[in-house]
Amino acid sequence: MTQVEVLVIGAGLAGLVTAWQAAQGGRKVRLVAKGWGALFWHAGCVDVLGYYPLDAANAVSSPRQALAQLVREHPRHPYALVGIERIEAALSALQTLCEAANYPLHGSLDHNWLLPSAVGAFRPTCLAPETMTAGDLTRREPMVIVGFEHFRDFYPELVADNLLEQEVLARSVRLDLPALRDRRFVTAPLLADLFERADFRQQVAEALRPKLGSAARVGFPAVLGLRRAVEVKRDLEAMLGREVFEIPSLPPSVPGMRLHNILVEAIQRQGGEVLTGMEAVRADAANGQVQTVWTEAAARLKPHRARTFVLATGGLLGGGIVAEPDGTLREVIFGLPVEGPHERVQWFRLDFLTPAGHPVYSSGLAVDEHFRPVDADGAPVYTNLFAAGTTLAGGEVVRERSFDGVALATGYAVGTQLAAQAQEAA
Amino acid sequence: MGVQVQPVEVTLDNCIKCNICVTACPVTAVTDRFPGPKYEGPQAARFRHAGQPSPDLSVDYCSGCRVCNMVCPTGVKIAEINARARAFMVERGAFSWRARLRNNLLARSETIGKLGHPVAPLANALLNNPLARWAAHVVLGIDRRAPLPRLAPQRFTAWFQAHPKPSGATRQVVYFHGCSTEYYEPRVGRAAVRVLEANGFQVIVPPQNCCGLPLLSNGEFGAARAYHRSNVRKLVTFARQGHAIVGTSTSCTLTLKEEAPELLDAYDEEARLLAEHTFDLNEFLLTLAEEGTLRTDFQPVPLTAVYHPPCQYRAHRLGFPAVELLQLVPDLHISVSQVACCGIAGTYGFKREKYEIAMQVGRPLFDLVRQEGVPIVICDSETCRWQITHATGVPAVHPVEVLAVAYGHPPEGPLASLLGG
Ligand code: SF4
Ligand code: SF4
């Protein structure tokens, strides 16, 4: 019988990276999740640190420097637990994986990209896929932002107008394509599918060419193919004679799905299982160890036994931690102690835009140096339970723009640690 | 261990409009006639009220595969919302009499089996007669290309009655065969009985009837309720005695466990008891393995196969018990299909207006089977097996048929021609 060694709970970036790293290290991994996770509504980039200190006027230009400061000033931040060296290793592991999937992610800790967001804001990010990098806003060449009639999840006028206001030479164009005209529904996955067909690209290029004028680059909503995006981008560039880049659109995010698919396939290639529709609802423990996690199934709960368990269910935003009506915070599966305000009045400060931030956003699980959730005395609650991702306390991932970085780095740290234990045991 | 069930309507408030379900729905991926789970489910459901016209009849294009439910991060029961919307359409007379007649013919495989069986050769000839198929296509809307099964010469229960019961059985189990095993593929039931007996069970096959799923997925809730009630009445005594009720048809077991009580709001004490005691056969065998009471002295079965877990199997939310079992069989090499659905979805792919959609939904699976060049496909659900064979020409069997061979029983059906009968 397949003996599961590592049971990972959660299919966001942290859970997938943990499972991938543990499986790559030779462990028998099963990942269970209620449904697919946050990657489906993310930009598909890796934001490591966009703003630090949080009241700084400008975005971080060198994540490495800002991280050094953050780690010094916040020794309990998830990044401080991982350490800059391992953060860098995590980024490079993901880059290697994506490169092998013909979907290179460019960038490094030395430099943040500034790329246009779905509303035309400047978006600092550390790693960006090759399909997005020509949108670099530190370059001066004028751009055209393309949208499609009937596609309601991307507004080229909004992007271009906002960019122009920030002194980026941008204007918008809308294409009314025959291929979309008689369709009743045009969604991002549908466009991604169409862009993988040469005849559709041809149609787009022909409609677009006369409208390009002196623009040196062309921004599309991020729908340039699900499996062969880089190929699609290069083909469009050849046809248009200009650089092409993608701008994230409203969810579902095609670039997020690409990363999701690459990670899921990496886990499966290593013999790991990825199972959704299986919400973990409770756990049994004995002698300080988790024995079994139960997931919801038709007419019953299904038990999963394993040697180690990883909690990657997200924080308040992801549903791994919920708030009771009285304001207490509760971790839903194991009932782990949550660090953070325990009365609703302490959740927020009085000033809405206070630079100090609101306490509830840095709530989460406190962990030891091995990422095991700890009790009030700092001792691990269970010796074989680990936590990764935004369920951890001490970060402020939204304001810092560190959501993906924290998920990736902590998932990597936990996954490699479990892989190493396997090697020791062998 | 029992579970708390969230009512279908309540779950629609959980929707956060992330569109993840839309990216996963295999039907919306291939046809513009179906906008996708989010729109049809949690969104349109807000506008469906008794006495008011339904906002969009396209919900009938939902195949009920439940792929959306499996990926939704917030637990919206989208497929159930859609199934109820279809029942609502039936109730309001939104379907023509012709469509309802066709749907009822397809959904009553038990009645067809009962009527057809005594005249099986004639019925088979008719079902395979191009002229008759053409007429059914034009008049009824049953696609003439769709993979209709053939009635078997001997019903499963007739075989079972004549089958000598083994002596020395130490435990008892109830077998739910379903209509397909009874009338079309009794070899699956024979294999199930042999595998259970090999593990020291006395197999009980009590009177039972169609689980009602085909009716549920055609919106014929009234008739489905009668079937479900009747099964509850016939089987609940066994559940009370603590017997497991195991089935080889994954959609029948899912219906008894969840679909029927949930869609029909039939969570009374008896239906609940039956649900809690119903098991998919692989699930059941795997529990035995976990307790250490499964015989694992399997003989080699030298075969390479693609295993396809049907969408209805995934909906049990058990992972892949069949894979775990088949991995114990020496010399059997399986590659597991990750394709969400073969397209047929019960009676869906038999319908003229949906046949092409179903074939396109299944295309990635058919490509996989061809590309792997395997001589056989293993799949738990009967209509999926028929669809796969129809599309690829590769025969398909239930996992338990392979296990029966691994326990030393002579292979039957497609396995006989491959392994030498
Ligand atoms: S049940 Fe299947 S066909 Fe229906 S909406 Fe969900 S995924 Fe689509
Ligand atoms: S996946 Fe669930 S939450 Fe997301 S849009 Fe679909 S039904 Fe709503």
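Remember, predicted model here, so these are calculated numbers, not experimental data. (Residues numbered from 1 in each chain as written. Chains lettered and ligands numbered in written order. Predicted model: local features only at pLDDT ≥ 70, side-chain atom pairs only at ≥ 80, totals over all residues. Heavy atoms only, no water.)

A. Representation of the site of ligand 1 within the structure. Taken together, 14 residues surround ligand 1, and among them Cys25, Cys62, Cys65, Arg66 and Cys68 of chain B come closest. Put simply, the parts of the chain that give the shell around ligand 1 at least two residues each are α4 (67-71) and α5 (78-91) of chain B. (Near = heavy atom within 4 Å. Helix = DSSP H or I, 4+ residues; strand = E, 2+ residues; numbered from the N terminus.)

B. Inspection of a nonpolar patch on the surface at higher detail. Residue and element names in this part refer to chain B. A contiguous nonpolar surface patch, about 390 Å² in accessible area, is contributed by Trp97, Leu101, Leu105 and Ile112. Take the nonpolar patch: its biggest share by element is three residues, from helix α6 (residues 97-107). The residue Ile112 is located in helix α7 (residues 109-116) in this model. (Patch = residues over 30% accessible without salt bridge, like charges linked within 9 Å, V, L, I, M, F, W, Y side chains within 5 Å. Areas by Shrake-Rupley, 256 points an atom, 1.4 Å probe, with all protein chains shown as cover. Salt bridge = Lys/Arg side-chain N within 4 Å of Asp/Glu carboxyl O.)

C. Representation of the site of ligand 2. All names here are of chain B. Around ligand 2, the structure places 13 residues, and the nearest of them are Cys15, Cys18, Asn19, Cys21 and Cys72. Taken atom by atom, the bulk of ligand 2 overlaps the second largest cavity. Here the shell around ligand 2 is composed, by residue class, of nine nonpolar, two polar and two charged. (1 Å grid on protein atoms, 1.4 Å probe; cavity = no way out; pocket = protein on both sides within 12 Å on 5 of 7 lines; lining within 4 Å. Sits in = over half its atoms within 2 Å of the grid points. Nonpolar A, V, L, I, M, F, W, Y, C, P; charged D, E, K, R; others polar.)

D. How the structure looks around the sheet that holds strand β1 (residues 6-9) of chain A. All names here are of chain A. Across the sheet, which stays open at both edges, the five strands sit in the order β11-β2-β1-β15-β18 with parallel pairing between neighbours. Every other strand in the sheet has two partners, leaving β11 (273-275) and β18 (385-387) as the edge strands with one partner each. The mean angle between the axes of side-by-side strands here comes to 20°, regardless of whether they run parallel or antiparallel. With three bridges joining them, strand β2 (residues 29-32) and β11 adopt parallel strand pairing. From the neighbouring strand, Val32 faces β11, where its bridge partner is Leu275. In the packing of helix α1 (residues 13-24) onto the sheet, contacts are made with β1, β2 and β15 (308-311), and the angle to β2 comes to roughly 170°. (Pairing = 2+ DSSP bridges. Axes fitted to C-alpha atoms, helices over the stretch in contact; angles between N-to-C directions. Contact = heavy atoms within 4.5 Å.)

E. Summary view of the interface of chain B and chain A. Opposite the 41 residues of chain B that make contact, chain A presents 34 residues. Both sides together, the interface formed by chain B and chain A hides about 3200 Å², and carbon and sulfur atoms give 57% of it. Applying the counting rule to chain B against chain A returns four salt bridges. Of the charged contacts, one joins Arg300 of chain A and Glu283 of chain B as a salt bridge, the two residues approaching to 2.7 Å between their closest N and O atoms. Our count for the chain B to chain A interface comes out at 15 residue pairs in polar contact (both at pLDDT 80 or more). Split into classes, the residues belonging to the side of chain B that touches chain A amount to 21 nonpolar, 11 polar and nine charged. (Buried area = accessible area lost by both parts, 1.4 Å probe. Polar contact = N/O pair within 3.5 Å; in protein donor to acceptor, adjacent residues only side chain to side chain.)

F. Structural detail: the packing of helix α12 (residues 186-198) of chain B against helix α17 (residues 281-291) of chain B. All names here are of chain B. Running from N to C, α12 and α17 cross one another at 10°; their axes reach a closest spacing of 12 Å. As judged from the angle between their axes, α12 and α17 are roughly parallel. Only Leu281, Phe284 and Leu285 of α17 make contact with α12, whose side of the interface consists of Ala192, Val195 and Leu196. Its residues assigned to classes, the contact of α12 with α17 comprises six nonpolar, no polar and no charged. (Parallel < 35°, antiparallel > 145°, perpendicular 65-115°, else oblique.)

G. View of the packing of aromatic side chains. Residue and element names in this part refer to chain A. Within this structure, the stated rule accounts for 15 aromatic pairs over all chains. Seen in terms of ring centroids, Trp36 and Phe40 are 6.4 Å apart; in terms of plane orientation they differ by 15°. Their pairing is stacked. With respect to burial, Trp36 and Phe40 carry one shared label: buried. Within the aromatic cluster, the residues linked to one another by ring pairs are Phe148, Phe195, Phe200 and Phe220. (Phe/Tyr/Trp six-rings, centres within 6.5 Å; stacked < 30°, edge-to-face > 60°. Buried < 20%, exposed > 50% of the residue type's maximum accessible area, 1.4 Å probe, protein only.)

H. The arrangement of the pattern of salt bridges in detail. A full pass over the atoms with the stated rule returns 56 salt bridges over all chains. Here Glu5 of chain A and Arg307 of chain A are joined by a salt bridge, their closest N and O atoms 2.7 Å apart. Taken together, the residues span a long stretch of sequence, with Glu5 of chain A in the segment before β1 and Arg307 of chain A in the loop between β14 (300-305) and β15 at a distance of 302 residues. One connected set of salt bridges, linked through shared partners, spans Glu296 of chain A together with Arg66, Glu80, Glu258, Glu259 and Arg317 of chain B.

I. Quick look at the environment of Gln371 of chain B. For Gln371 of chain B, the location among the structural elements is in helix α20 (residues 355-372). Gln371 of chain B gets classed as exposed once you look at its relative accessible area, which sits at 64%.

J. Representation of the packing of α20 of chain B against helix α21 (residues 382-392) of chain B. Residue and element names in this part refer to chain B. Following both chains from N to C, one finds α20 and α21 inclined at 75°, their axes separated by 9 Å at the closest point. By the angle between their directions, the pair α20 and α21 is classed as roughly perpendicular. Along its contact with α20, which presents Tyr355, Ala358, Met359, Leu365, Phe366, Val369 and Arg370, the element α21 presents Gln387, Ile388, His390, Ala391 and Thr392. Grouping the constituent residues of the contact of α20 with α21 by class yields eight nonpolar, three polar and one charged.

K. View of empty space enclosed by the protein. All names here are of chain B. Scanning all chains against the criterion turns up six cavities of 30 Å³ or more. What the second largest cavity holds in volume is close to 100 Å³. If you trace the second largest cavity, you find 14 residues lining it, with Cys15, Cys18, Cys21, Cys72 and Pro73 closest to the centre. Of the residues that constitute the lining of the second largest cavity, the class distribution is 10 nonpolar, two polar and two charged. (Points joined across faces, edges and corners; volume = space filled by probe spheres on them.)

L. Fine view of helix α8 (residues 198-208) of chain A. Every buried residue belonging to α8 of chain A is among Phe200, Arg201, Val204, Ala205 and Leu208 of chain A, and all of these are buried. Down the axis of α8 of chain A, the buried set is contained in an arc of 135°. They therefore lie on one face. (Arc of directions from axis to C-beta.)

M. Structural context of the pairing of strand β12 (residues 280-286) of chain A. Residues and elements named next belong to chain A. Judged from the six bridges that link them, β12 and strand β13 (residues 289-297) form a sheet pairing that is antiparallel. Bridge assignment links Asp284 to a residue of β13, and that residue is Thr292. Hairpin connection from β12 to β13: two residues lie between these consecutive antiparallel strands, with Asn287 at a positive phi of about 50°.

N. Looking closely at helix α15 (residues 250-263) of chain B. A bend of about 55° at Leu256 of chain B is the largest found in α15 of chain B. Burial analysis of α15 of chain B places 14 of its 14 residues in the buried class, which makes it a mostly covered element. (Bend = angle between axes of the 7 residues up to and from the residue.)

O. Spatial organisation of the domain arrangement of chain A. All names here are of chain A. Looking at the assigned domains, one finds that chain A contains domain 1 (4-102 + 257-425) and domain 2 (120-249). In this assembly, 18 residues from domain 1 lie in contact with 19 residues from domain 2. Per-residue buried area on domain 1 facing domain 2 is highest for Ala43, Cys45 and Arg258; these three make up 38% of the total on that side. For the pair domain 1 and domain 2, the number of links is two salt bridges. As a salt-bridge pair, Arg258 and Glu246 come within 2.8 Å of each other at their nearest N and O atoms. Along the contact surface separating domain 1 from domain 2 lie seven residue pairs in polar contact (both at pLDDT 80 or more). (Domains from an automatic or database assignment.)

P. Here's a closer look at the side chain of Asp153 of chain A. Tracing the backbone through its elements, the reader meets Asp153 of chain A in the loop between β7 (143-148) and α5 (156-165). Buried and unpaired, Asp153 of chain A has no salt bridge, with Lys38 of chain B as the nearest side chain of opposite charge at 6.7 Å. Filtering out sequence-adjacent residues up to four positions away, Asp153 of chain A remains in contact with Ser249, Leu250 and Pro251 of chain A. (Lys, Arg positive; Asp, Glu negative; His and termini not counted.)

Q. Region of the structure containing the confidence of the model for chain B. On average, chain B scores 93 in pLDDT, and the residues at 70 or more come to 99%. The complex model carries a pTM of 0.95, and its ipTM stands at 0.93. (pLDDT = per-residue confidence, 0-100.)

R. The environment of Glu243 of chain A, seen in detail. By the secondary structure assignment, Glu243 of chain A is in strand β10 (residues 243-247). Here Glu243 of chain A is in contact with Ala134, Arg139, Glu141, Ala216, Arg217, Val218 and Glu237 of chain A, once residues within four sequence places are set aside.

S. Seen up close, the sheet that holds strand β7 (residues 376-379) of chain B. Residues and elements named next belong to chain B. Strand order in the open sheet formed by four strands is β6-β5-β7-β8, and the pairing between neighbours is parallel. The sheet is open, and its two edges are formed by β6 (332-336) and β8 (396-397), each paired on a single side. Note that strand β5 (residues 303-308) and β6 share five bridges and pair parallel. What sits directly across from Leu303, in β6, is Leu332. Running over the sheet, α21 touches β5, β7 and β8 and is turned about 160° from β7.

T. Local environment of unusual backbone geometry. All names here are of chain A. The omega angle of the peptide bond from Tyr52 to Pro53 is -15°, so this bond is cis rather than trans. When you line up the elements, Pro53 lands in the loop between β2 and α2 (63-73). For the bond running from Pro251 to Pro252, omega is 5°, close enough to zero to count as cis. Here Pro252 is to be found in the loop between β10 and α10 (254-269). Unlike most non-glycine residues, Glu167 shows phi in positive territory, near 65°. By secondary structure assignment, the location of Glu167 is in the loop between α5 and β8 (170-175).

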